[in-house]
Amino acid sequence: MYGKQLFGRKHSLSGASAPIIVWFREDLRLSDNPALHAAVQQDCPVLCVYIHADGCEGTRPLGGASLWWLDKSLRALSEDLEQLGGRLTIRAGDGSACLDELIEETGAKAVYWNRRYGKAERDIDAAIKSRLKDRDIDVQSFNGRLLVEPWVLKTGSGGFYKVFTPFWKALRDCYSPPAALPRPSSVKGPQPDTLKVSDLGLHPTKPDWSTGFDAVWTPGEAGAHARLKDFLEGPVDTYPDDRDLPGKEDGTSGLSPHLRFGEIGPAQIWRATIAAMEAENIQDAGGWKFLSEVAWREFSYVLLYYRPDLADENYNDDFNHMPWRTDKDALKSWQSGQTGYPIVDAGMRQLWETGWMHNRVRMIVASFLTKHLLLHWRHGEDWFWDTLVDADPASNPASWQWTAGSGADATPYFRVFNPITQGQKFDADGAYVRRWCPELAKLPDKVLHEPWAADDATLNRAGVKLGTDYPHPLVAHKAGRERALEAYETLKSQR
Ligand code: FAD
């Protein structure tokens, strides 16, 4: 597909004019980008490169929604670079081989990148670094993705943090962001042959199920900063309460996919939030609560770093004996938002339509899958990986394991979210369910979260025929809960 012969032309340069390659990966931004900043400071040509190596060398292939985001984000980065007189050079295939070609074609003397934290990615980067260094190519790597890299904060006994609250306390006490790095005023360098973003075929086709995404998202650095600005100008003050209300527009920042692709860095969020608190533009309670949630992402990266198999294996291996069920039909009903529990179905439909789901509802649907349906958390993690625009290699498996009970600092397995009372408490006016399950819109609040409890007259008035317009529950709450607890009991006897 990406013919190698395309890239035969040479633009070799040497000595002071030899370029530095900046290898963009999960850091698709120009401001506060340490690798780019360091290269631009060197006063020599800079070659900005993206290599589409999806799924190469043991890395996890991106899901469909992430590919949709990547497509738009690369376009935005390309345009931003063009405005600075530069260009994003795009190649596809094995990262190491593509870098070799670019070094050969341009005479580059150095390669700079921001670090990644998954095991396969770390191994790839370490091998490339050692090979290039042997050839006298200068390789430098930076932290462009985290407030604090996973190996920095240690517990009193020298281990990594396995519990969030002391981790957050340690982070809050010690962290002070480095000075912000400016967006370069110009990025110029050689322009070897390049693929176009469209050549990568990232946008879904046959079918294009992403049509609802455009209305919600503006991928790219400008979109990320617009979100942060809007959030800090208002919603952050009510965030401590509103963050749990899925029906509330802008109750949370919506920054997760921007962070996932590095269009904004957490240090930028930290600085802006602290500055807004210091200027008394926002209240401390909201500002700190928001930063503490950003710290959950950091905590997830600690777990991924020390447990690289986080997406595959139970963090707590007691769960290796969990008698998970196999039930393809139930899994399909969950994926398609047809479980018969309105808050669960609303969440799964929001996910499909927009590539995102509210955090409170993520917890409810994950609990429902792993407890009421007794299906392995990996099925849910996989589905989220494919359908979330913010699907993150650390936060997704860590959060799934947290909800399922098998993770670090996890919610205990015996705590089974009740999808009826969760709906009644966090979507009391039904705005969220009515939006995503329009067939239930005319039901009164009293029965909206348990339509089967409505009498015939109420159902008739609302135009709902259970089993036809909306499914009966896949499993009764009480029976599902009891089955989950019985399964959990069997773990105790295996210890
Ligand atoms: P805000 O509330 O505005 O929070 C700001 C930022 O903090 C987020 O953008 C995110 O980067 C971080 N954050 C907030 N909550 C968490 C959390 N619990 N864990 C880790 N980081 C957090 N988040 C992802 O970014 N990618 C995932 O793949 C992902 N999968 C999840 C799966 C499950 C089962 C659950 C329960 C949660 C998952 N989360 C994931 C965490 C959380 O739901 C999202 O980060 C949040 O909903 C994103 O919306 P926001 O940007 O408006 O968040």
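Counting restarts for each chain: residues are numbered from 1 in the order of the written sequence. Two thresholds apply to this predicted model, a pLDDT of at least 70 for residue-level local features and 80 or more for giving and counting side-chain atom pairs, whereas whole-chain, interface and lining totals are computed over all residues.

Draft legend 1. Seen up close, the site of the ligand. Near, for a residue, is defined by distance from a backbone-placed C-beta atom to a molecule or strand, with 6 Å as the limit that must not be exceeded. The local shell around the ligand holds 27 residues, among which T252, S253, S256, N396 and S399 are the closest. Looking at the shell around the ligand, the elements with two or more residues in it are α8 (256-260), α10 (284-306), α13 (359-372) and α15 (395-404). Its residues assigned to classes, the shell around the ligand comprises ten nonpolar, ten polar and seven charged. Each domain span listed reflects an automatic or database assignment of domains. Each of domain 2 (146-179 + 220-306) and domain 3 (317-491) accounts for three or more of the residues forming the shell around the ligand. Per the convention used, a helix needs a DSSP run of H or I reaching at least four residues, while a strand needs a run of E reaching at least two, with both numbered from the N terminus. Throughout this entry, Asp, Glu, Lys and Arg are counted as charged residues, while Ala, Val, Leu, Ile, Met, Phe, Trp, Tyr, Cys and Pro are counted as nonpolar. The remaining residues, Gly among them, count as polar.

Draft legend 2. Structural context of helix α20 (residues 477-494). What a helix is expected to span follows from its residue count: subtract one and scale by 1.5 Å. Here α20 spans 27 Å end to end across 18 residues, near enough to the 26 Å set by a 1.5 Å rise per residue. In this scheme the burial state of a residue depends on its C-beta neighbours within 10 Å: 20 or more other such atoms mean buried, 12 or fewer mean exposed, and anything in between means partly exposed; the C-beta positions come from the backbone. What α20 keeps buried is the set G480, A484 and Y488. Along the axis of α20, the buried positions cluster into a sector of 65 degrees, meaning they face one direction only. Residues of α20 that are exposed and point more than 90 degrees away from the buried face comprise K478, A479, E482, E486, E489, T490, K492 and S493. Any pair of residues counts as being in contact when their C-beta atoms, constructed from backbone geometry, are within 7 Å of one another. On its buried face, α20 sits against α13. As used here, the arc belongs to the directions running from the helix axis to the C-beta atoms.

Draft legend 3. Highlighting the UniProt feature "site: Electron transfer via tryptophanyl radical" (unreviewed entry) in the protein. UniProt positions are given in the numbering used here, feature names are shortened, and annotations may be inferred rather than shown by experiment. In the numbering used here, UniProt assigns the feature "site: Electron transfer via tryptophanyl radical" (unreviewed entry) to W324, W377 and W400. Relative to the assigned elements, W324 resides in the loop between α10 and α11 (328-335). Note on W324: 16 C-beta atoms within 10 Å, which makes it partly exposed. Excluding its chain neighbours within four sequence positions, the residues that come into contact with W324 are L374, L375 and H376. Accessibility expressed as a C-beta count within 10 Å gives 26 for W400, which makes it buried. Ignoring anything within four residues of it in the chain, the contact list for W400 reads A366, W377, G380 and E381.

Draft legend 4. Here's a closer look at the UniProt feature "binding site: FAD" (unreviewed entry) in the protein. Residues annotated in UniProt with the feature "binding site: FAD" (unreviewed entry) correspond here to Y239, T252, S253, G254, L255, S256, F290, D390, A391 and D392. An extended arrangement is adopted by the annotated residues: their sequence extent is 154 residues, and the largest C-alpha distance between any two is 22.7 Å. Mapping T252 onto the fold places it in the loop between α7 (239-242) and α8. Ignoring sequence-local partners within four residues, the contact set of T252 consists of R243 and N359.

Draft legend 5. Molecular detail of the domain arrangement of the protein. Domain boundaries assigned for the protein yield domain 1 (20-144), domain 2 (146-179 + 220-306) and domain 3 (317-491). Using only C-alpha atoms to locate each centre, domain 1 and domain 2 end up separated by 25 Å. With 17 residues of domain 1 at the interface, the matching set in domain 2 holds 16 residues. Considering only residue class, the side of domain 1 that touches domain 2 consists of six nonpolar, five polar and six charged.

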